[in-house]
Amino acid sequence: MKLPIVGVRQIKLPVSDLARSARWYSDLFGLELAAEFYEDSAVRGIVLADHAAGFVIGLRQREYCASGPVLDGFDVCAFMVSTPEQMMTVVARCVDLGIAHGEIHDRGEFGIAMDVADPDGTILRFVAGSHTGPPGTFAGVEFGPGPPTFYDQPRLNF
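All residue numbers refer to position in the chain's written sequence, counted from 1. Given that the model is predicted, a residue must reach a pLDDT of at least 70 before its local features are reported, and side-chain atom pairs must reach 80 or more before they are shown or counted; all residues, however, enter totals for whole chains, interfaces and linings. Excluded from the side-chain calculations are hydrogens and water; all other atoms, namely the structure's heavy atoms, are used.

(A) Focus on the sheet that holds strand β4 (residues 55–61). Note on pairing: DSSP must find at least two bridges between two strands before they are called paired. Runs of E in the DSSP output that reach at least two residues are strands. Runs of H or I that reach at least four are helices, and both are numbered from the N terminus. Strand order in this open sheet of four strands is β1-β4-β3-β2, and the pairing throughout is mixed. The open sheet has two free edges, formed respectively by β1 (10–15) and β2 (32–39), since each of these has just one partner strand. The mean angle between the axes of side-by-side strands here comes to 20 degrees, regardless of whether they run parallel or antiparallel. Note: strand β3 (residues 42–50) against β4, six bridges, orientation antiparallel. All axes are obtained by fitting lines to C-alpha atoms, using only the stretch in contact for helices, and the reported angles, taken between N-to-C directions, cover 0 to 180 degrees.

What follows is the structure, given as structure tokens:
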């Protein structure tokens, strides 16, 4: 039985400087402050909302997270835009705000993708194109020397 999931509600990230990251995420995504969490005499976490798109980004001061996670260089999520033209809107927004962004990469049948690192180095990926193949299909990607190779039968048994 499938769960009745209709979307992703929240992404929650550990940050080293809550105010700096709050401004960065708010500026890049055009989010508004929806909630904050006050403990030990200071604000330790916040929720920024995009009410129209129906998602929130939660930020938590790293030293108040359960394990002090560091996600430097890790792509924690991918935000989908509908068209390559909309990807150019993301690029323009980054340029306007002075936010460094990666190159746009052609991912073949999966569209195009671009990475943006937040102030802590956590990678946010932006994608225009299909997130997978049609239902019932599988695609494996093997990385090694040279370009990636593809395979069509799963290797992980679970």
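Next, the rest of the story.
(B) Region of the structure containing the pattern of salt bridges. For this analysis, a salt bridge means a side-chain nitrogen from Lys or Arg found within 4 Å of a carboxyl oxygen belonging to Asp or Glu. In the structure shown here, the tally under the stated rule is seven salt bridges. The partner of Asp 120 in a salt bridge is Arg 20, with the nearest N and O atoms 3.5 Å apart. Of this pair, Asp 120 sits in the loop between β7 (112–117) and β8 (123–128) while Arg 20 sits in helix α1 (residues 18–29), placing them 100 residues apart in sequence. For Asp 120, a relative accessible area of 14% puts it in the buried group. Three labels apply to residues, based on accessible area from a 1.4 Å probe with only protein chains included: buried if under 20% of the type maximum, exposed if over 50%, partly exposed otherwise in between. Look at Arg 20 and you get partly exposed, because its relative accessible area is 39%. Put simply, Arg 20, Arg 62 and Asp 120 are held in one network by salt bridges that share partners.

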